[in-house]
Amino acid sequence: MNNRLKSGAALAVTLGLSIATASAETARIFWKDLRPATQPAAESVGLPMVAAKMPDRGETLSLNLRDKTVQLAGYALPVDRDGDLVYQFLLVPWTGACSHMPTPPPNQIVLVTPAHPYRMSEAYQPVSVTGALEPGMEKTQLFILDGASVIQSGYAVRKAAVADVDVVPDTITQPANSPWRFLNKKKN
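Residues numbered from 1 in each chain as written. Predicted model: local features only at pLDDT ≥ 70, side-chain atom pairs only at ≥ 80, totals over all residues. Heavy atoms only, no water.

A. Fine view of the nonpolar core. Ranked by internal contacts, the top residues of the largest apolar core, which has 34 residues, are Leu34, Phe89, Leu90, Leu91, Val110, Val129 and Leu133. For this core, the secondary structure elements donating two or more residues are strand S2 (69-82), strand S3 (85-92), strand S4 (110-114), strand S6 (125-144) and strand S7 (147-164). No other element matches the 7 residues that S2 contributes to this core. If we skip the residues at most four places from it in the chain, Phe89 touches Ala76, Leu77, Pro78, Val79, Val110, Leu111, Val112, Pro114, Val127, Val129 and Val162. (Core = buried A, V, L, I, M, F, W, Y, C linked by side-chain atoms within 4.5 Å. Buried < 20%, exposed > 50% of the residue type's maximum accessible area, 1.4 Å probe, protein only. Helix = DSSP H or I, 4+ residues; strand = E, 2+ residues; numbered from the N terminus. Contact = heavy atoms within 4.5 Å.)

B. Inspection of the environment of Asp33 at higher detail. With respect to the secondary-structure elements, Asp33 resides in the loop between strand S1 (27-28) and helix H2 (42-45). Note on Asp33: relative accessible area 25%, which makes it partly exposed. With 74 residues separating them in the primary sequence, Asp33 and Asn107 have C-alpha atoms 9.6 Å apart. Excluding anything up to four places from it in sequence, Asp33 contacts Ser62 and Leu65.

C. Summary view of the side chain of Ser128. Summarising the element assignment, Ser128 is placed in strand S6. Overall, the relative accessible area of 7% leaves Ser128 in the buried class. Here the side chain of Ser128 touches Gln71 through a polar contact of 3.2 Å, side chain to side chain. If sequence neighbours within four positions are ignored, Ser128 has contacts with Gln71, Leu72, Ala73, Ala161, Val162, Ala163 and Val165. (Polar contact = N/O pair within 3.5 Å; in protein donor to acceptor, adjacent residues only side chain to side chain.)

D. Inspection of the environment of Gln108 at higher detail. Position of Gln108 relative to the elements: it lies in the loop between S3 and S4. Taking C-alpha positions, Gln108 is 9.9 Å from Trp94, a pair spaced 14 residues apart along the chain. Separated by 3.1 Å, the side chain of Gln108 and the backbone oxygen of Trp31 make a polar contact.

E. Highlighting the pattern of salt bridges. For the structure on display, the rule yields 4 salt bridges. Taking the shortest distance from any N to any O, the salt bridge between Arg158 and Glu134 comes out at 3.5 Å. Taken together, the residues span a long stretch of sequence, with Arg158 in strand S7 and Glu134 in strand S6 at a distance of 24 residues. Residue classification places Arg158 among the partly exposed positions, given a relative accessible area of 35%. The class for Glu134 is partly exposed, based on a relative accessible area of 29%. Residues participating in the shared-partner salt-bridge network are Glu134, Glu138 and Arg158. (Salt bridge = Lys/Arg side-chain N within 4 Å of Asp/Glu carboxyl O.)

So this is what it looks like as structure tokens:
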């Protein structure tokens, strides 16, 4: 084997190890990891007026996740799109949040900017987002059918890898009397 071929093989092995190490360092997190342990989950306080029922209005963030590469599943609500290509979206823990249902507290909303435009077939599409989590309050204008709304997110993931998922493991199911319960139905 000549030196150039040996160098190439060594580089490939090194890159392979780097990629394996990077994926091993990705922490799979859940929505509860983004709020203080003492803060009740949304279903405990009832979905209407979620943030208003919390002493800190849901603004206490989990700083121990700062700049860590995480993977979080949730529902994508487009903020900046062109047709079916989405350039930025809000990741929320339940379907209907922000447009049909009350807005979750800021520490339960992640502003996501995909590394590449993401092709989305529908609002509230279940997705998994992987990238560096950045805690910090940020306001985003969301255009909905009956006007615009300003949504405050507590986290951001920029240059995110986005993938479709079938299930969001820790989703909050709409109450039986919710008119938006149909959003939780499985699609065939």
